[in-house]
Amino acid sequence: MVLLTGGAGYIGSHTCIELINSGYDVLIADDFSNSKPEAVRRLEEITGRKIPLVNIDVADKEAVEKLFNENEIDAVVHFAGYKAVGESVQFPLKYYRNNIDTALTILETMERHDVHNFIFSSSATVYGIPESVPLHEEMKTGCTNPYGFTKLMIEQILRDAAFANPKLSVVLLRYFNPIGAHESGRIGEDPNGIPNNLLPFITQVAVGKLPELGVFGNDYNTHDGTGVRDYIHVVDLAKGHVAAIGYAKENKGCEVFNLGTGTGYSVLDIVKAFEKVNNLKIPYTIKERRPGDIDECYADPKKAREKLHWTAEKTIEDMCRDSWNWQSHNQNGYE
Ligand code: UD1
């Protein structure tokens, strides 16, 4: 059985479906601090399966111990964690406490229970300000905010743990920019309050909840001056986790993989693609740069292709269509 911490969240919920489709039994642990029980109900509707769910904070040692005592867990995908960059600058201790504590609690409990497969949700944010693109796994790391540092620190903790314990298999997955939603339109990204990220912002403009998009800067060193990112469909990303579990079962030690498409799109490329595929208009104005943003960030996805036998397949049109399909049918997310 695969334990998904934070399995009710955006990436966790999509991964849950792909794991079930690949024949795995799953168990979700989530405290719903940034997700909704309704997401799990919909997972059951989509998969036609009862999905075991425990409402716990995975930093709670006793609760996690009980979970491992009561279930035959053989792999953990650790999604649970705080993820808002701006908030992490404001409340760094909250971020360090929560993100590091949850990872340590899970890892220590796994060691006590002889569970050896750990898949970690890392982020391309660990590359900091890239010296060049595309980014490959051996490139220098360095962060610009506490959220990013928690990812980098947990990567280091896991690397050290795998070095010390030869039975451990750790796969670090560095996500690029996940967007899109399951094709059913029943699950998707449901951010609290005004979205920080581009796609949820665009879909909320499209649905009329926000008046217009602010494009953060048009003087970057890119083809049209707006920031370039590697957007990846969340279903492709979810499949990357299935591949990572297979890899962990076959290989000991710690390995890191980029999960991206290898193609960069600018903010205006995304706006245009979204408008075209959904036949909508997205009003926007150019604003100041957002502090901490970089010109370009996209993956070299070769290592994941060769070693995980995984490749992103969906197009930018699929991503824009599926994001809108989710938002237009769920104007207030899961509420
Ligand atoms: C952000 C985080 C990153 C995190 C990732 C998770 C920051 C600085 N970085 O990445 O650490 O891992 O989300 O999904 O927050 N944009 C606009 N207008 C908007 C929103 C975004 O123009 O209203 C632009 C940004 O300037 C950027 C691009 O859209 O060029 C993507 O932004 P976003 O979706 O926030 O992702 P990242 O900043 O790449």
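So, here's what we can say about the structure. (Residues numbered from 1 in each chain as written. Predicted model: local features only at pLDDT ≥ 70, side-chain atom pairs only at ≥ 80, totals over all residues. Heavy atoms only, no water.)

## Structural notes on the site of the ligand
Around the ligand, the surrounding shell holds 19 residues, and the nearest of these are Leu198, Gly214, Arg229, Arg290 and Asp293. Contact between the ligand and Tyr147: an oxygen atom at 3.5 Å from a side-chain N or O atom of the residue. In this structure, an oxygen atom belonging to the ligand sits 2.7 Å away from a side-chain N or O atom of Arg290. Compared with its free state, where it exposes 740 Å², the ligand has 86% of that area covered by protein. When residues of the shell around the ligand are assigned to their parent elements, the largest contribution, four residues, is made by strand S8 (residues 213–216). Its residues placed into classes, the shell around the ligand shows nine nonpolar, seven polar and three charged. (Near = heavy atom within 4 Å. Polar contact = N/O pair within 3.5 Å; in protein donor to acceptor, adjacent residues only side chain to side chain. Areas by Shrake-Rupley, 256 points an atom, 1.4 Å probe, with all protein chains shown as cover. Helix = DSSP H or I, 4+ residues; strand = E, 2+ residues; numbered from the N terminus. Nonpolar A, V, L, I, M, F, W, Y, C, P; charged D, E, K, R; others polar.)

## Focus: the packing of aromatic side chains
Working definition: an aromatic ring pair is given by the centre-to-centre distance plus the angle between the planes. Tallied over the full model, the rule gives five aromatic pairs. Centroid distance Tyr247 to Phe257: 5.4 Å. Interplanar angle 85 degrees. Geometry classified as edge-to-face. Of this pair, Tyr247 sits in helix H8 (residues 234–250) while Phe257 sits in strand S11 (residues 253–259), and the two are 10 residues apart along the sequence. You'll find Tyr247 and Phe257 in the same group, each marked buried. (Phe/Tyr/Trp six-rings, centres within 6.5 Å; stacked < 30°, edge-to-face > 60°. Buried < 20%, exposed > 50% of the residue type's maximum accessible area, 1.4 Å probe, protein only.)

## Some details on the state of the cysteines
Evaluation of the coordinates by the stated rule reveals zero disulfides. As a non-bridged cysteine, Cys254 has Cys143 as the owner of its nearest cysteine sulfur, 16 Å distant. A disulfide-free cysteine, Cys297 has its sulfur positioned 12 Å from the sulfur of Cys143, the nearest such atom. (Disulfide = S-S within 2.5 Å.)

## Concerning the environment of Ile129
Along the chain, Ile129 turns up in the loop between strand S5 (117–123) and helix H6 (146–164). C-alpha separation for the pair Ile129 and Lys140, spaced 11 residues apart in sequence, amounts to 9.6 Å. Not counting residues up to four positions away in its chain, the partners in contact with Ile129 are Thr144 and Ile294. (Contact = heavy atoms within 4.5 Å.)

## With respect to the side chain of Asn258
Within the fold, Asn258 resides in strand S11. Take Asn258: its relative accessible area is 0%, and that puts it in the buried class. At 2.7 Å, the side chain of Asn258 forms a polar contact with the side chain of Tyr127. Among the polar contacts made by the side chain of Asn258, one reaches the main-chain carbonyl oxygen of Leu135 at a distance of 2.8 Å. Beyond its immediate sequence surroundings of up to four residues, Asn258 is in contact with Tyr127, Leu135, His136, Glu137, Arg174, Phe176, Ala299, Asp300, Ala304 and Trp310.

## Looking at empty space enclosed by the protein
Across all of its chains, the model carries three cavities of 30 Å³ or more by this definition. In this structure, the largest cavity encloses a volume near 80 Å³. When the residues that make up the lining of the largest cavity are grouped by side-chain class, the tally is five nonpolar, four polar and one charged. (1 Å grid on protein atoms, 1.4 Å probe; cavity = no way out; pocket = protein on both sides within 12 Å on 5 of 7 lines; lining within 4 Å. Points joined across faces, edges and corners; volume = space filled by probe spheres on them.)

## With respect to the pattern of salt bridges
Where charged atoms from two side chains of opposite charge approach closely, those side chains can pair. In total, this model carries 24 salt bridges according to the counting rule given. Here Arg112 and Glu65 are joined by a salt bridge, their closest N and O atoms 2.9 Å apart. Taken together, the residues Arg112 in helix H5 (residues 92–112) and Glu65 in helix H3 (residues 61–70) connect sequence positions 47 residues apart. In the salt-bridge network here, residues are joined through shared partners; they are Lys36, Asp190 and Glu335. (Salt bridge = Lys/Arg side-chain N within 4 Å of Asp/Glu carboxyl O.)

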